[in-house]
Amino acid sequence: MDQQRMAGFAVGGLLLVAEGALWALGVGPVAGTGTSSMHYAMIVAGGPACLVVGLLAASKWERPAGALLWLGASVLALGIALRSGPRVGPYFLGLLGLVVPQALAASLFLLHARETARSKPARPRG
């Protein structure tokens, strides 16, 4: 059961390293060249910033962290979609490379939180 949590941390950490490498190289959806400030802010807020906060929060609160990562994935997908415009190639590359792993990490955290809540005994009322 704890494997889902560790897998979520592994996927999120690897994605954060990959986004940092893309940013350092100046390529991909996280690069700031040729994009409006709103699209760039959506990509940064939904991607690396949300991943850092979500991974830190997941050490104590898995369910809110999973929800935050899902929200960040949707903001990231919207930022990539608005940035790519009428071209679908950059959108699908960004979606496959950045949004899907973040959604996978979020789902793993939420799944682990559900399994943990299911295995705990109910508190007596009274």
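Quick caveat, the model's predicted, so the values are computed rather than measured.

Q: Looking at this model, I keep getting lost on the overall build of the protein chain. Mind explaining?
A: From N to C terminus, the protein chain includes four helices and zero strands. What you see in the protein chain, going N to C, is helices and strands ordered as α-α-α-α. When the backbone C-alpha atoms are referred to their principal axes, the protein chain occupies close to 60 × 25 × 20 Å. Within the span of the protein chain, comprising 126 residues, buried residues form 36% of the whole. Partitioning the intrachain contacts of the protein chain with sequence separation of at least 6 by distance along the chain shows that 76% fall at a separation of at least 24. Charge separation in the protein chain, taken as the distance between the mean sites of 10 positive and 4 negative side-chain charges, equals 8 Å.

Q: Can you help me understand the environment of Val44 in this one?
A: Among the secondary structure elements, Val44 is positioned in helix H2 (residues 37–58). Separated by 31 residues in sequence, Val44 and Val75 place their C-alpha atoms 9.4 Å apart. Residues in contact with Val44, not counting those within four places in the same chain, are Trp23 and Ala49.

Q: Just to check I follow, could you spell out the side chain of His39 for this structure?
A: Residue placement: His39 occurs in helix H2. Once residues within four sequence positions are removed from consideration, His39 is found in contact with Gly79, Leu82 and Arg83.

Calculation rules
Residue positions within a chain follow its written sequence, with the count starting from 1. At least 70 in pLDDT is required for a residue's local features to be given in this predicted model, at least 80 for side-chain atom pairs to be given and counted, and no such filter applies to totals for whole chains, interfaces and linings, which use all residues. Side-chain metrics in this entry use all non-hydrogen atoms of the structure; hydrogen atoms and water are not considered. A run of H or I in DSSP counts as a helix once it spans at least four residues, and a run of E counts as a strand once it spans at least two, with each numbered from the N terminus. Under the scheme applied here, a residue whose accessible area is under 20% of the maximum for its type counts as buried, over 50% as exposed, and between as partly exposed, the area being computed with a 1.4 Å probe on protein chains only. By definition in these notes, contact holds between two residues if any of their heavy atoms fall within 4.5 Å. Think of it this way: Lys and Arg go in the positive column, Asp and Glu in the negative one, and His and the chain ends go nowhere. The atom standing in for a charge is NZ when the residue is Lys, CZ when it is Arg, CG when it is Asp and CD when it is Glu.

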